[in-house]
Amino acid sequence: MLHETNVIIASMKNIVILISGGGSNMAAIAKAAQDNNWKQQLNAQIAAVISNKADAGGLLLAKEQGIPTSYIDHTQYPTREAFEAALIAHIDAYEPALIVLAGFMRVLTPAFVGHYAGRLINIHPSLLPAFQGLHTHQRALDAGCRFAGATVHRVSEALDDGEILAQAVVPILPDDTAQTLAARVLTQEHLIYPKVIASLLAHKVK
Ligand code: GRF
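A. Local environment of the pattern of salt bridges. Throughout the structure, instances matching the rule amount to three salt bridges. Here Lys31 and Asp35 are joined by a salt bridge, their closest N and O atoms 2.5 Å apart. A residue pair is termed a helical-turn pair when its members lie 3 or 4 positions apart in one helix, as Lys31 and Asp35 do in helix α1 (residues 24-35) at four residues.

B. Region of the structure containing the nonpolar core. In this structure, Ile17, Trp38 and Ile197 are the most contacted members of the largest nonpolar core, which totals 39 residues. If we skip the residues at most four places from it in the chain, Trp38 touches Ile15, Ile29, Ala32, Ala33, Asn43, Ala44, Pro194, Ile197, Ala198 and Leu201. Of all hydrophobic cores here, the second largest spans 18 residues; its members include Ile99, Phe104, Val113 and Tyr116.

C. Inspection of the environment of Glu81 at higher detail. Examined against the element boundaries, Glu81 turns out to sit in helix α4 (residues 80-92). The spacing of Glu81 and Leu181 is 100 residues in sequence and 35 Å in space, taken between C-alpha atoms.

D. Molecular detail of the layout of surface pockets. The space that makes up the largest pocket amounts to roughly 990 Å³. Mapped by element, the contributors of at least two residues to the lining of the largest pocket are α1, β5 (120-124), α6 (136-142) and α7 (178-203). In terms of residues, the lining of the largest pocket owes the most to one element, α7, which gives four residues. In terms of residue class, the lining of the largest pocket is made up of 17 nonpolar, 15 polar and five charged. In this structure, the second largest pocket occupies an estimated 240 Å³ of space. Lining the second largest pocket are 13 residues; nearest its centre among them are Ala33, Gln34, Lys39, Gln45 and Ile46. In terms of residue class, the lining of the second largest pocket is built from seven nonpolar, five polar and one charged.

E. Focus on the sheet that holds strand β7 (residues 164-171). Reading across from one edge, β3-β2-β1-β4-β5-β6-β7 is the order of the seven strands in this open sheet, with mixed pairing throughout. Strands at the two margins of the open sheet, each flanked by one partner only, are β3 (69-71) and β7. Ignoring which end each strand starts from, the neighbouring axes of this sheet average 20° apart. Pairing geometry for strand β2 (residues 44-51) and β3, over three bridges, is parallel. The residue of β3 that forms the bridge with Ile50 is Ser70. This element, helix α3 (residues 57-64), spans β1 (13-19), β2 and β3 of the sheet and lies at about 160° to β3.

F. Examining the pairing of β5 more closely. Of all the five residues making up β5, five are buried; the element is thus mostly covered by neighbouring parts of the structure. The handedness of the strand β4 (residues 98-101) to β5 crossover, carried by helix α5 (residues 110-115), is right-handed.

G. Local environment of the site of the ligand. Around the ligand lies a shell formed by Gly22, Gly23, Ser24, Asn25, Gly103, Ile123, His124, Pro125, Leu186 and Glu189. A distance of 2.8 Å separates an oxygen atom of the ligand from a polar atom in the backbone of Asn25. Glu189 places a polar side-chain atom, nitrogen or oxygen, 2.7 Å from an oxygen atom of the ligand. According to the grid-proximity analysis, the pocket containing the ligand is the largest pocket. Listing elements by their share of the shell around the ligand, those giving two or more residues are α1, β5 and α7.

Here is what the cut-offs are and how they apply
- Residues numbered from 1 in each chain as written.
- Predicted model: local features only at pLDDT ≥ 70, side-chain atom pairs only at ≥ 80, totals over all residues.
- Heavy atoms only, no water.
- Salt bridge = Lys/Arg side-chain N within 4 Å of Asp/Glu carboxyl O.
- Helix = DSSP H or I, 4+ residues; strand = E, 2+ residues; numbered from the N terminus.
- Core = buried A, V, L, I, M, F, W, Y, C linked by side-chain atoms within 4.5 Å.
- Buried < 20%, exposed > 50% of the residue type's maximum accessible area, 1.4 Å probe, protein only.
- Contact = heavy atoms within 4.5 Å.
- 1 Å grid on protein atoms, 1.4 Å probe; cavity = no way out; pocket = protein on both sides within 12 Å on 5 of 7 lines; lining within 4 Å.
- Points joined across faces, edges and corners; volume = space filled by probe spheres on them.
- Nonpolar A, V, L, I, M, F, W, Y, C, P; charged D, E, K, R; others polar.
- Pairing = 2+ DSSP bridges.
- Axes fitted to C-alpha atoms, helices over the stretch in contact; angles between N-to-C directions.
- Right-handed = clockwise from strand over helix to strand, strands pointing away.
- Near = heavy atom within 4 Å.
- Polar contact = N/O pair within 3.5 Å; in protein donor to acceptor, adjacent residues only side chain to side chain.
- Sits in = over half its atoms within 2 Å of the grid points.

So this is what it looks like as structure tokens:
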């Protein structure tokens, strides 16, 4: 006798993470995915880590976790649009539910942002809307701020703009340098980014 079982298997929600450097946020997300069993709990997995730099330290960290990695060298493309076209083709092969920018140091065109509307998030090392752009920690010190922090936000066409999804605040201490402050902020980045991603996967993105 043939027994048929009707099992509905929801397709896995793929996360694609884009990096350019050390990848500590990516590693924190990968650890959270492992520790909290996102595969079972959220039906989600980190499908790929993609860098625009071949020597990004994060690529090695991802490989150690068994995550597929690749790089697309932006300097090999004549225009920003040509680079993004290659990047989009690569990302879309994973049909991602979420594209996570984690220290991805390329300015993105409106076309790229529009292509991933609702699925593209970033982390920025300041309390947005303060200190958009680069050198956030030194600028916070120079401005005499007493607090600094990090922001997870949706990516919109304007740089470091878009809906704020989470923030973490740290004190600025009297002897802080940009380096010590960055390290303090980074510990909080590693907490809030995985939380936001889990929440989006559980509630909002497809
Ligand atoms: C982090 O400070 C993040 O907020 C910013 O770039 C840095 C990336 O660090 N966007 P890492 O590569 O995740 O260690």
